[in-house]
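The primary structure of each chain is shown beneath.
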Amino acid sequence: MAETKTVKFIITRQDTPDSNPYEEEFEVPYRPNMNVISALMEIRRNPVNNKGQQTAPVTWDMNCLEEVCGACSMVINGKPRQACSALVDKLEQPIRLAPMKTFPVVRDLQIDRSKMFDSLKKVKAWIPIDGTYDLGPGPRMPETKRQWAYELSKCMTCGVCLEACPNVNSKTNFMGPFVFNQVRLFNAHPTGAMNKAERLNAFMEDGGLTGCGNSQNCVQACPKGIPITTSIAAVNRDATLQSFKNFFGSDRA
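What counts, and where the lines are drawn
Residues numbered from 1 in each chain as written. Predicted model: local features only at pLDDT ≥ 70, side-chain atom pairs only at ≥ 80, totals over all residues. Heavy atoms only, no water. Helix = DSSP H or I, 4+ residues; strand = E, 2+ residues; numbered from the N terminus. Buried < 20%, exposed > 50% of the residue type's maximum accessible area, 1.4 Å probe, protein only. Contact = heavy atoms within 4.5 Å. Axes fitted to C-alpha atoms, helices over the stretch in contact; angles between N-to-C directions. Left-handed = near helix turned anticlockwise from the far one by under 90°. Nonpolar A, V, L, I, M, F, W, Y, C, P; charged D, E, K, R; others polar. Salt bridge = Lys/Arg side-chain N within 4 Å of Asp/Glu carboxyl O. Pairing = 2+ DSSP bridges. Domains from an automatic or database assignment. Buried area = accessible area lost by both parts, 1.4 Å probe.

A. Quick peek at the overall build of the protein chain. Along the backbone of the protein chain there are 8 helices and 7 strands. Projected onto its principal axes, the C-alpha positions of the protein chain cover 80 × 40 × 35 Å. When burial is assessed residue by residue, the protein chain has 41% of its 253 residues classed as buried. Taking contacts inside the protein chain between residues at least 6 apart in sequence as the whole, the part at least 24 apart equals 60%.

This is the structure:
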C-alpha cells in the first residue's frame, strides 16, 4: 500500500495563563485544500502526539471560518494571520503554530483580546444614538466618502496589526494601529462627527497617536488590506487641528 501523506505541526502550548509554554508535535492525515483550522480539528478529534502519547486537545478560538470575525488569529510559521484562511498547501512544513505574544494567553493558541475592545471604549468607537425613538433615515453620506469608509469598516479586531507593530509591547501603552481606523471611521459618519473632538482628544492622551512609530508593518500584515497608514496620516492631521482649537478656542460649537 502507498504510504499515507501527512502534515506535521509543531504547536506552542501553554496549560494555564501562568504556566510556561512548551512545544508539542503532531501529524494529521493530509487532505487537499485543508486549512490550519481543519488540521486543528483533526488533532482535537484524536489528540495523540508524535510520540504516540495521548494528550489534552489543543485549544484555540474560532467562529466564522471565513476571515470575518478575527477570532482565529495566531502566529503561523512566524507570521500573524488567520488560521481559517491559511491553506496547508501554501505553508512550509513543519507548520509551526503559536499564540500571538501581544496578548495574554488563556490556553495554548487561545488569547485574550480584551485590551482591543477596551481601547475602542476609550476612543468611543460607536455612533451615540440611544434608540429610544425613531430618528428617521438619518443624514446621507456622500458616495465617495462611503466607499473609503467601507474599507475601514472591514476591521475585525483580529489583533494581527498589533502583533506586527513594534510599538505595541509591554513597555508602552500604545493602543495599536487599528484605533486610527476606528477614530477616522466614526468621525467620518455624519452622526458620529458630533463627537469628533471627544474622540480625537481621547486619542491624543497616553497610549494614543504619539505611540505610533510609523513602521508601517501594520498595513502589510492586515488580512483585510485596510489602508491603515492613510488613516494614521488623516488622524494625525485632524488631531493637529484639534490641538489648535483646544488652545485657541473655536467660534463654532
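On we go from here.
B. Summary view of the packing of helix H2 (residues 114-122) against helix H5 (residues 178-188). Relative orientation of the contacting elements H2 and H5 amounts to 35 degrees, with a least axis distance of 10 Å. By crossing handedness, the relation of H2 to H5 is classed as right-handed. Contacts between H2 and H5 pair Met116, Ser119 and Leu120 from the former with Phe178, Val179 and Gln182 from the latter. Partitioned by chemical class, the residues of the contact of H2 with H5 number 4 nonpolar, 2 polar and no charged.

C. Spotlight on the pattern of salt bridges. In the structure shown here, the tally under the stated rule is 11 salt bridges. Taking the shortest distance from any N to any O, the salt bridge between arginine 146 and glutamate 143 comes out at 2.8 Å. On the criterion of helical spacing, the pair formed by arginine 146 and glutamate 143 is a turn pair, its members being 3 residues apart in helix H3 (residues 143-152). Several salt bridges share partner residues, and in doing so they unite Arg13, Glu24 and Asp108 into one network.

D. Fine view of the sheet that holds strand E4 (residues 79-82). Read from one edge to the other, the open sheet built from 5 strands follows the order E2-E1-E5-E3-E4, with strand pairing classed as mixed. Two strands bound the open sheet, and with one partner strand each, they are strand E2 (22-29) and E4. The sheet shows a mean angle of 35 degrees between the axes of neighbouring strands, taken without regard to direction. The pairing of strand E1 (residues 6-13) with E2 spans 8 bridges and is antiparallel. Among the inter-strand pairings, isoleucine 10 is bridged to a residue of E2, identified as glutamate 25. Each of E1, E2, strand E3 (73-76) and strand E5 (95-98) touches helix H1 (residues 36-45); the most contacted strand, E2, lies at about 95 degrees to it.

E. Region of the structure containing the environment of proline 142. Along the polypeptide, proline 142 turns up in the loop between H2 and H3. Spatially, the C-alpha atom of proline 142 lies 9.7 Å from that of proline 190, the residues being 48 residues apart in sequence.

F. Molecular detail of the domain arrangement of the protein chain. By the assigned domains, the protein chain splits into domain 1 (6-111) and domain 2 (114-248). Of note, the centres of domain 1 and domain 2, computed from C-alpha atoms alone, are 31 Å apart. Counting residues at the interface gives 13 residues for domain 1 and 11 residues for domain 2. Counting each side, the surface lost to burial between domain 1 and domain 2 is near 1,000 Å², with a carbon and sulfur contribution of 57%.

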